[in-house]
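# Secondary and tertiary structure notes
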Amino acid sequence: MVTGVFAAMLGADGFLSWLIVSLVGLAYFLGFEVYTGASPVKHLFGYEVRDLNTGGKLTLEQSAKRQWWRIINIVPGIGSLIALRQDNLKRRLAYSTVVHLSYIVLGAALVTPYGLTGSIMHMVNHGLAKITLFFCAGAIYATTHKENVSDLVGMGRAMPWTFGAFTVGSLA
């Protein structure tokens, strides 16, 4: 799986995108480490790390929870960027499914009534919207034998109902 993610990021001009994602991830991680005091870098600044919300020191458990939530919030962004790089329509839909499943897991991980309700509602909504999108992708392939997004220029006029349903499914 990891090699598939790196292969997707290392596409045509992949080294640059890999470098950007790596540098952003490193900066994000180091910023968290300095903020929470989980690394000796905090001693360079000569002050105690304090929680901005309560004014108290962060415990190890609180800093671990913050790091976990930061990682959970990064995954959908990286998955969306990888999905946008895909030219194959079904592959793009599959990557967006992975992103939406991470939203569902995020809501369920809150373990609150609103989080669980939102996850269940998102599962139903995502299932209906994604089945519509995959049916439309199948209809496009059955009619035109084209699989790539770059080949679909002007197809909305030839298949207005299919692309109308695709638009509604995309907005859902």
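Below is a summary of the structure that appears in this document. (Residues numbered from 1 in each chain as written. Predicted model: local features only at pLDDT ≥ 70, side-chain atom pairs only at ≥ 80, totals over all residues. Heavy atoms only, no water.)

### Here's the deal with the overall build of the protein chain
From N to C terminus, the protein chain includes 7 helices and 0 strands. Along the protein chain, helices and strands appear, N-terminal first, in the series α-α-α-α-α-α-α. For the protein chain, the residues scored as buried account for 26% of the 172 residues in total. Excluding contacts between residues fewer than 6 apart, the proportion of contacts in the protein chain whose partners are at least 24 apart in sequence is 51%. (Helix = DSSP H or I, 4+ residues; strand = E, 2+ residues; numbered from the N terminus. Buried < 20%, exposed > 50% of the residue type's maximum accessible area, 1.4 Å probe, protein only. Contact = heavy atoms within 4.5 Å.)

### A closer look at a nonpolar patch on the surface
Side chains of Ile120, Met123, Val124 and Leu128 sit close together on the surface and give an oily, nonpolar patch of about 400 Å² of accessible area. Turning to its location among the elements, Ile120 is positioned in helix H5 (residues 113–144). (Patch = residues over 30% accessible without salt bridge, like charges linked within 9 Å, V, L, I, M, F, W, Y side chains within 5 Å. Areas by Shrake-Rupley, 256 points an atom, 1.4 Å probe, with all protein chains shown as cover. Salt bridge = Lys/Arg side-chain N within 4 Å of Asp/Glu carboxyl O.)

### A few points about the side chain of Thr144
Along the chain, the position of Thr144 falls in helix H5. For Thr144, the side chain forms a polar contact with the main-chain oxygen of Ile140, separated by 2.6 Å. Beyond its immediate stretch of four places on either side in the chain, Thr144 contacts Met155 and Met159. (Polar contact = N/O pair within 3.5 Å; in protein donor to acceptor, adjacent residues only side chain to side chain.)

### Observations concerning the nonpolar core
Formed by Leu89, Leu93, Leu133, Cys136, Ala137, Ile140, Leu152, Met155, Met159, Phe163 and Phe166, the largest nonpolar core amounts to 11 residues. Looking at this core, the elements with two or more residues in it are helix H4 (89–109), H5 and helix H7 (160–171). Looking at this core element by element, the count peaks at 4 residues for H5. Filtering out sequence-adjacent residues up to four positions away, Phe163 remains in contact with Ile140, Met155 and Gly156. (Core = buried A, V, L, I, M, F, W, Y, C linked by side-chain atoms within 4.5 Å.)

### Some words on the side chain of Ser119
Mapped onto the fold, Ser119 is located in helix H5. Owing to a relative accessible area of 4%, Ser119 belongs among the buried residues under this scheme. If sequence neighbours within four positions are ignored, Ser119 has contacts with Ile104, Gly107 and Ala108.

### Considerations on unusual backbone geometry
Backbone geometry at His145 places phi at a positive 55 degrees, although glycine is not the residue there. Counting through the fold element by element, His145 comes out in the loop between H5 and helix H6 (155–158). Its relative accessible area of 57% is what places His145 among the exposed residues.

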